[in-house]
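Per-entry structural report
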Amino acid sequence: MDFDRFRLRCFMERLVAAGQCQVIDEPIDLIDVARLLDGQEKAVWFKAVGPERFELVGNVAGSRHRLALAFDVKPHELPLVIRAAAQNPIKPVEVDSSAAPVHQVVAVGDAASFLNLPIHLQHELDGAPYISASIDFARDPATGGTNIGIRRIMLRGANVAVLGSLSGSKISAIVVSVLPR
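So, here's what we can say about the structure. (Residues numbered from 1 in each chain as written. Predicted model: local features only at pLDDT ≥ 70, side-chain atom pairs only at ≥ 80, totals over all residues. Heavy atoms only, no water.)

**As for the sheet that holds strand β6 (residues 160-163)**
Neighbouring strands of a sheet are bound in pairs by backbone hydrogen bonds; such pairs are parallel or else antiparallel. The condition is simple: By definition, two strands form a pair when at least two bridges between them are found by DSSP. Here a helix means four or more residues in a row that DSSP labels H or I, a strand means two or more in a row labelled E, and each is numbered from the N terminus. Here an angle of 0 to 180 degrees is reported between the N-to-C directions of two axes, which are lines fitted to C-alpha atoms, with helices fitted over the stretch in contact.
Within the open sheet, the 3 strands sit side by side as β4-β5-β6. Their pairing is antiparallel. Every interior strand has two partners, whereas the edge strands, β4 (130-139) and β6, have only one. With direction set aside, neighbouring strand axes in the sheet form an average angle of 45°. Both β4 and strand β5 (residues 146-157) contribute to a ladder of 8 bridges, which runs antiparallel. By the bridge assignment for β5, arginine 139 is matched with threonine 146.

Below, the structure is given as structure tokens:
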């Protein structure tokens, strides 16, 4: 499987080449990320955020032009392409665990902490730092049904986060069904 086809880094390089991304190479503090993203029309690729000097991106899906680049189509073609994709879903491909790129960094037990990630306040009225545009996957243990979503996740502690869910989302029913009573 060609994992590079789906790597965010490869897409960011395409955005830079297309003039759709501002790259900030100099080190910045997490507290400054939201200010630098606010009102920015382009995607932003921070190369050295926080004391760990993490890379961080923002505003990636903030325009129809950038979304069209992700699908390799022209902006006016995007609605038709998305509609066709929704009507003809691609079957998932299971990747053997030994080949999965998610194993490049593994933290378990006390080492697994949200505090090790570059999570920042995104808006001045946010009640806590958020992971923005996270991708979640849930399987209902009772039915086997699944839900995949892109949501904001609020950090509530080193090992606790709250998933933002609109009513009507299947994730709400799955989470409620597995919570202790």
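**Thoughts on the pattern of salt bridges**
When charged atoms on two side chains of opposite charge get close, those side chains can pair. Defined as follows: Any Lys or Arg side-chain nitrogen located within 4 Å of an Asp or Glu carboxyl oxygen qualifies as a salt bridge. Between buried and exposed lies partly exposed: a residue is buried under 20% and exposed over 50% of the maximum accessible area for its type, with that area taken using a 1.4 Å probe on protein chains only.
For the structure shown, the criterion picks out 6 salt bridges. Measuring nitrogen to oxygen at the nearest pair gives 3.1 Å for the salt bridge that ties arginine 9 to glutamate 55. Of this pair, arginine 9 sits in helix α1 (residues 8-17) while glutamate 55 sits in strand β3 (residues 54-58), placing them 46 residues apart in sequence. A salt bridge links aspartate 126 to arginine 152, with the nearest nitrogen and oxygen atoms 2.8 Å apart. Of this pair, aspartate 126 sits in the loop between α4 (78-87) and β4 while arginine 152 sits in strand β5, and the two are 26 residues apart along the sequence. Look at aspartate 126 and you get buried, because its relative accessible area is 16%.

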